[in-house]
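Each chain, letter by letter, is given below.
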Amino acid sequence: MRRKFIISAITAFAVAAIVGALVVTHRDPFEAASAPAPAVPTAPVVAGSVISHDVPIYLQGVGTVIAYNTVIVRSQIQGQITKINFTEGQSVKTGDLLALIDPRPYQAQLEQATANRSRDEAQLTNAQANLKRYTTLGNQGWATPQLVETQTAQVAQLQASIKADEAMISWAQTQLSYTQLTSPIDGVTGIRQVDIGNIIHPTDPNGLVVVTQVEPISVIFTLPETNLPQIQQHLANGALKVEAYSQDNTIKLDEGSLDFIDNEIVQTTGSVRLRANFPNKERRLWPGQLVNAWLLLDTRPSGLTVSAPAVQQGAQGAYVYVINADSTVAVRPVKVAQVSGGQALIDSGLSAGEQVVVDGQYKLQPGTRVTILHGKAAEEAAAQDAQQTPIP
């Protein structure tokens with residue numbers, strides 16, 4: 001009896017445990033169903049819009065600033081410099097006095113030539129008077145024809161001497177004028193090569209100073225020969241504008257126009273040389289300076305542009321991350337026409353008004369949900385990504 005009672009108690013306890021387990025098992029799914037779903041993670045990104053506007057089409061090449069005229073001011077006579085009338089780097093005009101050579105030896109030559117002419121003129125006056133007398137006497141039979149002819153030759157000889165004296169005077173005046181070294185062009189003076197008190201010679205290789213014209217000025221730059229037909233086509237419709245920028249493309253130096261295209265292709269580089277003229281009123285272009293020349297070919301109306309960092313490069317070419325209406329991103333292949341001024345001109349792949357990811361692409365995959373940052377948060381994210389992004 002006792003044994004049967006124990007078995008019955010164990011059986012009852014087991015049944016109660018099973019029932020309790022069933023109750024617990026039934027309650028857990030219900031409670032789990034009523035719990036809130038975990039939040040889906042999002043990636044913070046900086047976004048930009050696709051903008052439609054008129055876009056200039058440029059060809060960019062590296063150029064060198066070339067002065068139209070560069071003149072070495074040399075002396076045409078030998079002498080001691082007694083005066084320097086300019087400072088290095090000074091702007092000068094044509095005819096401005098730069099230096100003075102001791103004029104005394106050349107002034108003396110001029111005075112001597114003038115005195116010789118006066119002497120010969122006096123002798124000519126006397127010879128002409130004698131000729132007149134001899135001619136009268138010859139007509140009366142008191143003078144021989146030979147005497148008259150001799151006196152006529154004397155007059156002609158003195159007239160020739162006066163002409164030679166006048167030539168010597170002109171030469172002496174020219175030599176005297178060379179004592180004043182003047183600027184042959186409008187320009188800027190360089191480093192002075194001769195100091196006051198020194199003897200200057202016509203054979204001195206460096207002369208006195210170099211004067212360089214800077215207004216206007218030219219830039220010779222190169223472009224690939226494949227661009228030549230396109231340039232010629234647009235040039236036929238009128239002059240093409242050229243803009244000169246600093247080497248880092250941050251400072252616009254001047255605006256000018258295309259002057260000419262070289263008559264041959266540089267075979268070693270496969271490029272063509274072009275020259276542009278610039279007024280250079282502010283003198284931001286300087287001879288020998290390296291600049292970037294932007295040749296404006298055309299303006300595309302209603303062109304689509306995005307911030308250049310939005311365009312990524314992959315195995316299949318250029319692409320961007322487009323932000324969908326549900327805040328997820330999708331990869332969109334694009335065709336880029338040009339990148340200029342931090343903006344990429346898109347030929348195909350995007351529509352005006354669409355939003356694309358400008359910064360934070362390394363966090364993304366197709367379908368990733370994103371949160372768009374604004375203001376200071378966007379600036380901080382861009383700075384942080386710049387530090388984390390590996391250099392290619």
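Here goes a summary of the coordinates provided. (Residues numbered from 1 in each chain as written. Predicted model: local features only at pLDDT ≥ 70, side-chain atom pairs only at ≥ 80, totals over all residues. Heavy atoms only, no water.)

## Observations concerning the overall build of the protein
Turning to step 1, where the next piece is worked out: Secondary structure summary: the protein contains 5 helices and 22 strands in total.
Turning to step 2, where the next piece is worked out: Counting every position in the protein, which comprises 392 residues, the buried fraction comes to 32%.
Turning to step 3, where the next piece is worked out: Within the protein, counting contacts between residues at least 6 apart in sequence, those at least 24 apart form 76% of the total. (Helix = DSSP H or I, 4+ residues; strand = E, 2+ residues; numbered from the N terminus. Buried < 20%, exposed > 50% of the residue type's maximum accessible area, 1.4 Å probe, protein only. Contact = heavy atoms within 4.5 Å.)

## Looking at the sheet that holds strand β6 (residues 97-101)
The strands making up a sheet associate through backbone hydrogen bonding, with each pair oriented either parallel or antiparallel.
Turning to step 1, where the next piece is worked out: Reading across the sheet, the 4 strands line up as β7-β6-β4-β9 and stay open at both edges, with antiparallel pairing between neighbours. Edge positions in the sheet fall to β7 (180-182) and β9 (199-200), since each of these pairs with one other strand and no more.
Turning to step 2, where the next piece is worked out: Pairing of strand β4 (residues 79-84) with β9 involves 2 bridges; the strand directions are antiparallel. If you follow Gln80 over to β9, its bridge partner there is Ile199. (Pairing = 2+ DSSP bridges.)

## Describing helix α2 (residues 104-140)
Turning to step 1, where the next piece is worked out: Taking 1.5 Å of rise per residue, the 37 residues of α2 would be expected to cover 54 Å, and the 54 Å separating its terminal C-alpha atoms lies within 8% of that figure.
Turning to step 2, where the next piece is worked out: Among all positions of α2, only Tyr106, Leu110, Ala113, Asp120, Leu124, Ala127, Asn130 and Leu131 are buried.
Turning to step 3, where the next piece is worked out: On its buried face, α2 sits against α3 (145-177).
Turning to step 4, where the next piece is worked out: Two residues or fewer past α2, Gly141 is found with a positive phi of approximately 90°. (Expected span 1.5 Å × (residues − 1).)

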